[in-house]
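As a plain string of letters, each chain reads:
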Amino acid sequence: MSQPVQERYEDSNLYRIRHSAAHIMAQAVLEMFPDGKITIGPPIENGFYYDFDLPRNLTPEDLEQIEKRMRQIIAGKYEFSKKAVSAEEARKIFKDQPYKIELIDGLEKGGLDEYGNPLNAKPEISIYQHDSFIDLCRGPHVENTRQIKPDAFKLMSIAGAYWRGDEHNKMLQRIYGTAWESAQQLKDYLWQLEEAKKRDHRKLGKELEIFFFDDEVGPGLPLWPPNGGVMIEELEKLAKEMEDKAGYLRVRTPHLTKEDLFIRSGHLPYYAESMYPPMELEGVKYYVKPMNCPMHHKIFGSKPRSYRDLPLRLAEYGTVYRYEKSGELFGLMRVRSLQMNDAHMYVSEELFEQEFLNVVDLYLKYFKLFGIEKYVMRLSLHSREGLGKKYVDNERLWLKTEDMVRSAMKNGNVPFVEAQDEAAFYGPKVDVQIWSVIGKEFSLATNQVDFAQPARFDLKFINKQGVEEVPLCIHRAPLSTHERMIGFLIEHYAGNFPVWLSPEQVRVIPITDDQNEYAQGIVQQLREEGIRVSADISAQRMNAKIRAAQIMKVPYMLVVGENEMKAGRVSLRVRDGSQQNNIMLEEFRARVKEKIAMRSSEL
Ligand SMILES: [Zn+2]
Ligand SMILES: [Zn+2]
């Protein structure tokens, strides 16, 4: 099941297609504006762009023309051919293209690639030509223009972009495009974009009253009104049930700590820019915590431990605070306060593999519960060059722990890929990526192995031989943070949550005021069973009440009119459109209770 190494995007056919489409687009634009200046045009996720300096602003109609011309160029089946050139030759070829000249200077000096990005080695200068168009380029490309399918690409939008991303430079015009291997792939992608817009958690989260931001509270600090509060409670209940069964112990730690703790952990000074600035009291600096681990380490170290205490699993839904630049905040996905499904397991090397697999197993149980079908675990490894800089300087432990994780995943048949040089400072980590039902990718929290912090905190246990040993620590957060998880769940379910997770599970709708009292009685009966229910006794007409409940995506509506009241029954309308008239309340109650107890995804 595991592929040892993930194909790099740069090596993929899609990359070549998109890169080639960018060149073809640049040719079409230059033909439209013979005095136009070209700059750079790399492939990006899902597509490509090219930045131009043009005599006038582009319009949507221009994009149509450019697309049309691109299709003609594609039909011409022009070869892409590469040639290495000297800086002198390159300057001659691009004599009318000042931006390219600037890039050639960068290439010649070394240290920058043809997009102006930093590069370790001094690159060879090369050009690529198809038809009449030549670009400064190291490739790779498809063999000829026909390998771009004329119905599998689309120009998406026009945007402004500064040359080299620097606001002191000239504003250029950027055209974004998307390109795929087949027309069907393009169609799927465009559908996904449309669908994702409708499901955007920032929009739905506000409409469904799950979370919002307030200027006076501050950016990146979400507020959770009751509907969001319910979801948080339900997720915590779920986590506690699962963790109790798996032998976790719950702890609590303060939000605030002296700087000493984070100096000891090694977060200060290196991690300081991700932390809120300190406050000073009685000559001591205090920080709000950006992570819970150091406090859990303190709890581990608070008394003598023996191998019999291991694995020791300390869990806490801990709130942490991290400073993210305002420009990088994004809905619930990038925030400054995070409620984390945190736990730290302290294990001996001997216990490591089993414990690590237990953690992975927990992830898989959650995926199943939430109907997450596509996921990948990415094992991030250290690099030898980074030892002592990005990574704790202990190659032996790196290789050993990486091997332990690798063999645990292989033995557990967990699909995973490996990524070089992306580990955490203190050990290898496993990033978990998941895809929502519409195929949008999210990264959940990571699973990390830590062989450095336990030693920094002088953590020890007495092993079977009676000798002191330093434990390994596994950091894990399968339900991520409430912020990220709920953001994901909103988009994954498009707000149509399973009953157990729905903020309001049942709404009773009296047809006229005469049934208000009857409706209130039903509410009371269901509430006593722990069901989240309300009655709409507003002055609205029935249809408006039904509409209001549909907007809030309430799974069940119980409509009660005179007939239902007389018979002591209810008429059920389910969110999926199905109906059951004049049923016993008892029958409905049993159905709801079962769905909730099973955490069923069905209504
Ligand atoms: Zn190129
Ligand atoms: Zn941790």
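The paragraphs below set out a description of the structure included in this document. All of these numbers come straight from a predicted model, not from anything done at the bench.

Focus: the coordination of the zinc ion (ligand 2)
C293 (SG), H344 (NE2) and H475 (ND1) make up the full set of protein donors to the zinc ion (ligand 2), lying at 2.0 to 2.3 Å. If you list the donors of the zinc ion (ligand 2) from N- to C-terminus, the spacing comes out as C-x50-H-x130-H. Of this pair, C293 sits in helix α9 (residues 293-300) while H344 sits in strand β14 (residues 337-347); the two residues are 51 residues apart in sequence, bridging distant segments of the chain. A relative accessible area of 4% means that C293 is categorised as buried.

Considering the nonpolar core
Counting 67 residues, the largest nonpolar core has F356, F370 and M377 as its most contacted members. Per-element accounting of this core gives the leading share, 9 residues, to helix α10 (residues 349-369). Once residues lying within four places of it in the same chain are set aside, the contact partners of F370 are L235, L238, L479, M485, L489, H492, Y493, W500 and L501. The next biggest cluster of nonpolar side chains, apart from the first, holds 31 residues, and it includes A21, F33, F80 and C137.

Remarks on the packing of helix α14 (residues 516-528) against helix α17 (residues 585-598)
Interaxial distance between α14 and α17 falls to 11 Å at its minimum, and their mutual angle equals 35°. Remark: the crossing between α14 and α17 carries right-handed chirality. Along the contact surface, α14 presents I522, Q525 and L526, while α17 presents L585, F588 and R589. Classifying every residue of the contact of α14 with α17 gives 4 nonpolar, 1 polar and 1 charged.

Side note on the sheet that holds strand β24 (residues 556-560)
Across the sheet, which stays open at both edges, the 5 strands sit in the order β23-β22-β24-β25-β26 with mixed pairing between neighbours. Of all the strands in the sheet, just β23 (533-535) and β26 (579-584) have a single pairing partner and so form its edges. For this sheet, the mean inter-axis angle between neighbouring strands, taken without regard to orientation, is 25°. Across the sheet, α17 touches β22 (506-510), β24, β25 (569-574) and β26, and the angle it forms with β26 is around 115°.

Structural notes on unusual backbone geometry
Residue P140 follows G139 across a cis peptide bond; omega there is 0°. Assignment of secondary structure puts P140 in the loop between β6 (133-136) and β7 (153-162). With an omega dihedral of -5°, the bond running from L310 to P311 counts as a cis peptide bond. For P311, the position within the fold is in the loop between α9 and β13 (312-321).

Notes on the packing of aromatic side chains
Counted according to the given criterion, the structure contains 18 aromatic pairs. Between Y49 and Y176, the aromatic rings sit 5.8 Å apart at their centres with planes inclined by 70°, giving edge-to-face as the arrangement. Taken together, the residues Y49 in strand β3 (residues 47-53) and Y176 in strand β8 (residues 171-179) connect sequence positions 127 residues apart. Among the residues examined, Y176 registers a relative accessible area of 27% and is labelled partly exposed. Ring plane angle 70° and centroid distance 4.9 Å describe the contact between Y99 and W163, whose orientation is recorded as edge-to-face. Of this pair, Y99 sits in helix α4 (residues 98-109) while W163 sits in the loop between β7 and β8, and the two are 64 residues apart along the sequence. Site record: aromatic cluster; members linked through ring pairs are F211, F213 and W224. Above the face of the W180 ring, R18 is positioned so that its terminal group lies 4.4 Å from the ring centre. Here R599 stacks its cationic end above the ring of W500, 5.2 Å away from the centre of that ring.

A short note on the layout of surface pockets
Taken as a whole, the second largest pocket spans an internal volume of roughly 1,500 Å³. As for the second largest pocket, its lining consists of 45 residues, of which Y271, M291, R322, K429 and Q448 are closest to the centre. If one sorts the elements of the lining of the second largest pocket by residue count, strand β18 (residues 441-450) sits on top with 5 residues. Taken together, the residues of the lining of the second largest pocket sort by class into 19 nonpolar, 12 polar and 14 charged.

Examining the packing of helix α1 (residues 13-32) against helix α2 (residues 60-75)
Packing of α1 against α2 leaves a shortest axis separation of 9 Å and a crossing angle of 115°. Taken as a pair, α1 and α2 cross one another with a handedness that is right-handed. For the pair α1 and α2, contact is made by A21, I24, M25, Q27, A28, V29, E31 and M32 and by D62, Q65, I66, R69, M70, I73 and I74, respectively. Of the residues belonging to the contact of α1 with α2, the class tally is 10 nonpolar, 2 polar and 3 charged.

What counts as what
Residues numbered from 1 in each chain as written. Chains lettered and ligands numbered in written order. Predicted model: local features only at pLDDT ≥ 70, side-chain atom pairs only at ≥ 80, totals over all residues. Heavy atoms only, no water. Donors = N, O, S within 2.8 Å, 3.2 Å for Na, K, Ca; no water. Helix = DSSP H or I, 4+ residues; strand = E, 2+ residues; numbered from the N terminus. Buried < 20%, exposed > 50% of the residue type's maximum accessible area, 1.4 Å probe, protein only. Core = buried A, V, L, I, M, F, W, Y, C linked by side-chain atoms within 4.5 Å. Contact = heavy atoms within 4.5 Å. Axes fitted to C-alpha atoms, helices over the stretch in contact; angles between N-to-C directions. Left-handed = near helix turned anticlockwise from the far one by under 90°. Nonpolar A, V, L, I, M, F, W, Y, C, P; charged D, E, K, R; others polar. Pairing = 2+ DSSP bridges. Phe/Tyr/Trp six-rings, centres within 6.5 Å; stacked < 30°, edge-to-face > 60°. Lys NZ or Arg CZ within 6 Å of the ring centre and 35° of its normal. 1 Å grid on protein atoms, 1.4 Å probe; cavity = no way out; pocket = protein on both sides within 12 Å on 5 of 7 lines; lining within 4 Å. Points joined across faces, edges and corners; volume = space filled by probe spheres on them.

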